[in-house]
Amino acid sequence: MATVTRKVVKMDEAPVGFTFTAGVTAGSPLDFQGRDDKTLILLNNTGSAGTIKLKMGNGIQAVADVTYDVPVGFSAVAVSSGAYKKTKGDNKGNVVVEPSATTIAFAVIEID
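Here is a short report on the structure shown in this document.

The rules we used
Residues numbered from 1 in each chain as written. Predicted model: local features only at pLDDT ≥ 70, side-chain atom pairs only at ≥ 80, totals over all residues. Heavy atoms only, no water. Pairing = 2+ DSSP bridges. Helix = DSSP H or I, 4+ residues; strand = E, 2+ residues; numbered from the N terminus. Axes fitted to C-alpha atoms, helices over the stretch in contact; angles between N-to-C directions. Salt bridge = Lys/Arg side-chain N within 4 Å of Asp/Glu carboxyl O. Buried < 20%, exposed > 50% of the residue type's maximum accessible area, 1.4 Å probe, protein only. Polar contact = N/O pair within 3.5 Å; in protein donor to acceptor, adjacent residues only side chain to side chain.

Comments concerning the sheet that holds strand S6 (residues 66-70)
Hydrogen bonds between backbone groups are what pair the strands of a sheet, and the pairing can be parallel or antiparallel. Read across the open sheet, the 4 strands follow the order S3-S8-S5-S6; overall the sheet is antiparallel. This sheet does not close on itself; its edge strands, each paired only once, are strand S3 (28-31) and S6. Averaged over all pairs of adjacent strands, the angle between their axes in this sheet comes to 30°, without regard to strand direction. The pairing of strand S5 (residues 50-54) with strand S8 (residues 94-99) spans 3 bridges and is antiparallel. If you follow isoleucine 52 over to S8, its bridge partner there is proline 99.

Put into structure tokens, the structure is as follows:
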């Protein structure tokens, strides 16, 4: 699957459009090359309640996968990139997320 591109929203500037990208249960890479303390993963779940699994990164701070419940509708999660960002390999600079269903879509927003 193609990487879900991070959109940068600048303070006090014009609105930035974005679209949600349907997740792939085998793993959806999310662009996390910006500042993790200013980045949100937005979720749009059009199915029944489900889960997302953030896959452990491969850097020095990586510990384990974590799973979050995802309600129906819109929601957001902020994560520390050190634990989940891939620092080498095919998904370098990305956080890989596995949704429980393809009805969970993603967008990544960074506030600058």
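Here we look at the pattern of salt bridges
Under the definition given, this model contains 5 salt bridges. In this structure, aspartate 112 and lysine 10 form a salt bridge, with 2.8 Å as the shortest nitrogen-oxygen distance. Taken together, the positions of aspartate 112 in the segment after strand S9 (104-111) and lysine 10 in the loop between strand S1 (6-9) and strand S2 (21-22) put the pair 102 residues apart, joining distant regions of the chain. For aspartate 112, a relative accessible area of 45% translates into the label partly exposed. Of the charged contacts, one joins arginine 35 and aspartate 37 as a salt bridge, the two residues approaching to 2.6 Å between their closest N and O atoms. Relative accessible area serves as the criterion here: at 53%, aspartate 37 is assigned to the exposed category. Several salt bridges share partner residues, and in doing so they unite Arg6, Asp31 and Glu110 into one network.

Side note on the side chain of asparagine 45
Looking at the secondary structure, you find asparagine 45 in strand S4 (residues 39-45). Reaching out from asparagine 45, the side chain makes a polar contact with the backbone oxygen of serine 48 at a distance of 3.0 Å.

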